[in-house]
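Residues per chain, in single letters:
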Amino acid sequence: MNYDDLTALIRRLALEAGDRIMEVYNGPDFEVKAKSDASPVTEADEAADRLISAGLRAAYPDIPLITEEQADSHGLSASTFLIVDPLDGTKEFVQRRGDFTVNIAYVEEGVPVRGVVYAPAKGRLFYTQADGTAVEETGALDKTKPGNLRRLSVSKPDNGALMVVASKSHRDQATDDYIAKYAVKDMTSAGSSLKFCLVATGEADLYPRLGRTMEWDTAAGDAVLRGAGGVVVRFDDHQPLAYGKSGWDNPFFIAHAPGVTLKS
């Protein structure tokens, strides 16, 4: 894999998909359909998926592509693959809250090594560079060339005063009970894969997820967090979260800066 080419492509596709999503978001009322698992899907999800999938398949026809919006891809089995959630946080999108993201990742032998997370309504763009380091790009977000880049690095956490981020739409008592085991200075909520990015920027130290997620929900954010020096581990045994699992579903997990003393 040529990581320079990959980085340029997934960055551009995320920005182009973001444009399509925002056309729907800023337009008149849009139809919300229910998928087989009762989760919502809109024309924005589908348009972004078509755009990203076409771009990836043209560039990498021999690499398996797993995408949330194409059920036939969910039956594939691979340890090295591209994985896409064209609009993570559809509930946030439908309610016209800005916490939704475009997610594209490349997983190599079960490890998400490169990825992009773009929050078009917030104008925040996070991705891994060719060398694997994570950056946030600011400025005009020109599709043809990168603008100002800020290298991301996780916090040096104070275990006596942790910054915690949790899900906006999927908070439950089990999550609150787990967070209560820590000495928390401040807590914020965020939607979609932005939570990984808040840990990557040092805005949060800890993000526990005690709920169902799929690999396309997490791979891009996981890659960005790894590129910033962070880690994502399974909730049960604190081993690194692996990808390419049968069925593409994740166990509960914890994303954190390495200095956090994890509770069981």
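Residues numbered from 1 in each chain as written. Predicted model: local features only at pLDDT ≥ 70, side-chain atom pairs only at ≥ 80, totals over all residues. Heavy atoms only, no water.

K.L.:
With reference to specific residues and values, describe the overall build of the protein.
P.N.:
Scanning the protein from N- to C-terminus turns up six helices and 16 strands. What you see for the protein is a C-alpha radius of gyration of 17 Å, in line with the 18 Å of a compact globule of 264 residues. By principal-axis analysis of the C-alpha atoms, the protein measures approximately 50 × 40 × 40 Å. Relative to its full complement of 264 residues, the protein shows a buried share of 55%. Within the protein, counting contacts between residues at least 6 apart in sequence, those at least 24 apart form 62% of the total. About 11,000 Å² of surface is accessible on the protein, with carbon and sulfur atoms providing 48% of the total. Charge-centre separation for the protein: the mean point of 29 positive side chains lies 4 Å from the mean point of 39 negative side chains. (Helix = DSSP H or I, 4+ residues; strand = E, 2+ residues; numbered from the N terminus. Rg over C-alpha atoms; globule rule 2.2 N^0.38 Å. Buried < 20%, exposed > 50% of the residue type's maximum accessible area, 1.4 Å probe, protein only. Contact = heavy atoms within 4.5 Å. Areas by Shrake-Rupley, 256 points an atom, 1.4 Å probe, with all protein chains shown as cover. Lys, Arg positive; Asp, Glu negative; His and termini not counted. Charge placed at Lys NZ, Arg CZ, Asp CG, Glu CD.)

K.L.:
Could you give an account of helix H2 (residues 43–59), with specific residues and numbers?
P.N.:
Since the α-helix packs 3.6 residues into each turn, any two residues three or four apart lie on the same face. Taking 1.5 Å of rise per residue, the 17 residues of H2 would be expected to cover 24 Å, and the 25 Å separating its terminal C-alpha atoms lies within 8% of that figure. The set of residues buried in H2 consists of Ala 44, Asp 45, Ala 47, Ala 48, Asp 49, Leu 51, Ile 52, Ser 53, Gly 55 and Leu 56. (Expected span 1.5 Å × (residues − 1).)

K.L.:
Before we move on, could you go through the UniProt feature "binding site: Mg(2+) 2" (unreviewed entry) in the protein and cite the residues and values that matter?
P.N.:
The UniProt record marks Asp 85, Asp 88 and Asp 217 with the feature "binding site: Mg(2+) 2" (unreviewed entry), using the residue numbering of this structure. Of the residues just listed, which span 133 residues, no C-alpha pair is farther apart than 6.6 Å, and they cluster in one region. Among the structural elements, Asp 85 can be located in strand E4 (residues 81–88). You can call Asp 85 buried: its relative accessible area is 1%. Not counting residues within four places of it along the chain, the set of residues in contact with Asp 85 comprises Glu 68, Thr 101, Val 102, Asn 103, Trp 216 and Asp 217. By relative accessible area, which is 9% here, Asp 88 ends up buried. (UniProt positions renumbered as here; feature names shortened; annotations may be inferred.)

K.L.:
Go over the packing of aromatic side chains, please, and point to the residues and values.
P.N.:
Taken as a whole and judged by the stated rule, the model has eleven aromatic pairs. Taking 5.3 Å as the distance between ring centres and 40 degrees as the angle between the ring planes, the aromatic pair formed by Tyr 25 and Phe 93 counts as tilted. Highlighted residues: Tyr 25 in helix H1 (residues 3–25) and Phe 93 in helix H3 (residues 90–94), separated in sequence by 68 residues. Across the pair, Phe 93 and Tyr 25 agree in class, each one buried. One aromatic cluster is present, built from ring pairs that chain together Tyr 178, Tyr 182, Phe 235 and Phe 252. One residue, Arg 114, lies across the ring of Tyr 3, its end atom 3.8 Å from the ring centre. In this arrangement the basic side chain of Lys 245 is found over the ring face of Tyr 243, its NZ or CZ atom lying 5.1 Å from the centre. (Phe/Tyr/Trp six-rings, centres within 6.5 Å; stacked < 30°, edge-to-face > 60°. Lys NZ or Arg CZ within 6 Å of the ring centre and 35° of its normal.)

K.L.:
Could you give an account of H1, naming the residues involved and the relevant values?
P.N.:
Here H1 is 23 residues long and its end C-alpha atoms lie 32 Å apart, about the 33 Å a rise of 1.5 Å per residue gives. If you check the start of H1, you find a side-chain oxygen 3.0 Å away from the backbone N of Asp 4, and it comes from Asn 2. (Polar contact = N/O pair within 3.5 Å; in protein donor to acceptor, adjacent residues only side chain to side chain.)

K.L.:
Any details on the UniProt feature "binding site: Mg(2+) 1" (unreviewed entry) in the protein? Residues and values, ideally.
P.N.:
UniProt tags Glu 68, Asp 85 and Leu 87 as "binding site: Mg(2+) 1" (unreviewed entry). Maximum C-alpha separation among the annotated residues is 9.1 Å over a sequence range of 20 residues, consistent with a single clustered spot. Within the fold, Glu 68 resides in the loop between strand E3 (65–67) and E4.

K.L.:
Which residues make up the nonpolar core, and what values go with them?
P.N.:
The biggest cluster of nonpolar side chains holds 36 residues, and the ones touching the most others in it are Phe 81, Ile 83, Val 224 and Leu 225. Of all the elements, helix H5 (residues 194–200) adds the most residues to this core, at six residues. Leave out the neighbours within four places in its chain, and Phe 81 touches Ile 63, Pro 64, Ile 66, Ala 105, Tyr 106, Val 107, Glu 215, Tyr 243, Gly 244 and Trp 248. (Core = buried A, V, L, I, M, F, W, Y, C linked by side-chain atoms within 4.5 Å.)

K.L.:
Account for the pattern of salt bridges, with residues named and values stated.
P.N.:
Within this structure, the stated rule accounts for 13 salt bridges. A salt bridge links Lys 122 to Asp 99, with the nearest nitrogen and oxygen atoms 3.2 Å apart. On the criterion of sequence distance, the pair formed by Lys 122 in the loop between strand E6 (111–119) and strand E7 (124–128) and Asp 99 in the loop between H3 and strand E5 (101–108) is long-range, its members being 23 residues apart. On the basis of relative accessibility, which here comes to 43%, the residue Lys 122 falls in the partly exposed class. According to the relative accessible area criterion, Asp 99 is buried, its value standing at 5%. Asp 237 is paired through a salt bridge with Arg 234; the nearest N and O atoms lie 3.6 Å apart. (Salt bridge = Lys/Arg side-chain N within 4 Å of Asp/Glu carboxyl O.)

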